[in-house]
Amino acid sequence: MRLSWLASQLSISAASASVSVLALVSKGLLYKARAEDDGRATALFLTDEGVAACLSCQYFEANRHPGKPAPHHCGLVIAPLSVALLRMDCPEQVPADPATRRRNWKVFA
Ligand code: SF4
């Protein structure tokens, strides 16, 4: 994802998004690298730990809405989740049992 896209999705300024991104980078949840489609641009990528925000949560339901733009689901807020909007560092995250975690990760394998 790009910083500008993230800012627009969250309805915040690019400067505010940049501050949040720096915090997530420092926590090891995001990393910056060259964008695959534009070598001059920087893109943001989830680290393994960043991807595990929602995927290890008991409220996360992988692929509950198959074929939809937001195929996943958060049972806490009762709303669909697209891959791009999976949460990192979510304060409501409650660890799921190991079998549920494995099932969620298989969807992304
Ligand atoms: S509570 Fe947070 S971590 Fe859990 S599924 Fe919902 S958004 Fe993701």
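Residues numbered from 1 in each chain as written. Predicted model: local features only at pLDDT ≥ 70, side-chain atom pairs only at ≥ 80, totals over all residues. Heavy atoms only, no water.

Colleague: I tried to follow the pairing of strand β1 (residues 30-35) on my own but got confused; where do I start?
Modeller: Each regular strand carries side chains that alternate between the two faces of the sheet. The sheet contact formed by β1 and strand β2 (residues 38-46) spans six bridges and is antiparallel. The residue of β2 that forms the bridge with Leu-30 is Leu-46. Adjacent in sequence and paired antiparallel, β1 and β2 are bridged by two residues. (Pairing = 2+ DSSP bridges. Helix = DSSP H or I, 4+ residues; strand = E, 2+ residues; numbered from the N terminus.)

Colleague: How should the packing of aromatic side chains be read in this particular structure?
Modeller: Each aromatic ring pair is summarised here by two numbers: the centre-to-centre distance and the angle between the ring planes. Summed over all chains, the structure comprises one aromatic pair. Measuring from centroid to centroid gives 5.4 Å for Tyr-31 and Phe-45, while their planes differ by 20°, and the two rings are stacked. Residue Tyr-31 is located in strand β1, and its partner Phe-45 is located in strand β2; the two are separated by 14 residues in the primary sequence. (Phe/Tyr/Trp six-rings, centres within 6.5 Å; stacked < 30°, edge-to-face > 60°.)

Colleague: Mind showing me how you'd approach the domain arrangement of the chain here?
Modeller: Accessible area lost during the coming together of the parts is what is often quoted as the interface size. Assigned domains of the chain: these are domain 1 (3-49) and domain 2 (52-108). For domain 1 and domain 2, the distance between their C-alpha centroids amounts to 20 Å. Taken residue by residue, the interface counts nine residues in domain 1 and seven residues in domain 2. Interface area for domain 1 against domain 2, summed over the two sides, is near 620 Å², with a carbon-plus-sulfur share of 70%. Ranking the residues of domain 1 by area buried against domain 2 places Trp-5, Leu-29 and Leu-46 at the top, with a combined share of 45%. Inspection of the domain 1/domain 2 interface yields zero salt bridges. In this structure, the connection of domain 1 to domain 2 is made through zero residue pairs in polar contact (both at pLDDT 80 or more). Tallied by class, the residues present in the side of domain 1 that touches domain 2 amount to five nonpolar, one polar and three charged. (Domains from an automatic or database assignment. Contact = heavy atoms within 4.5 Å. Buried area = accessible area lost by both parts, 1.4 Å probe. Salt bridge = Lys/Arg side-chain N within 4 Å of Asp/Glu carboxyl O. Polar contact = N/O pair within 3.5 Å; in protein donor to acceptor, adjacent residues only side chain to side chain. Nonpolar A, V, L, I, M, F, W, Y, C, P; charged D, E, K, R; others polar.)

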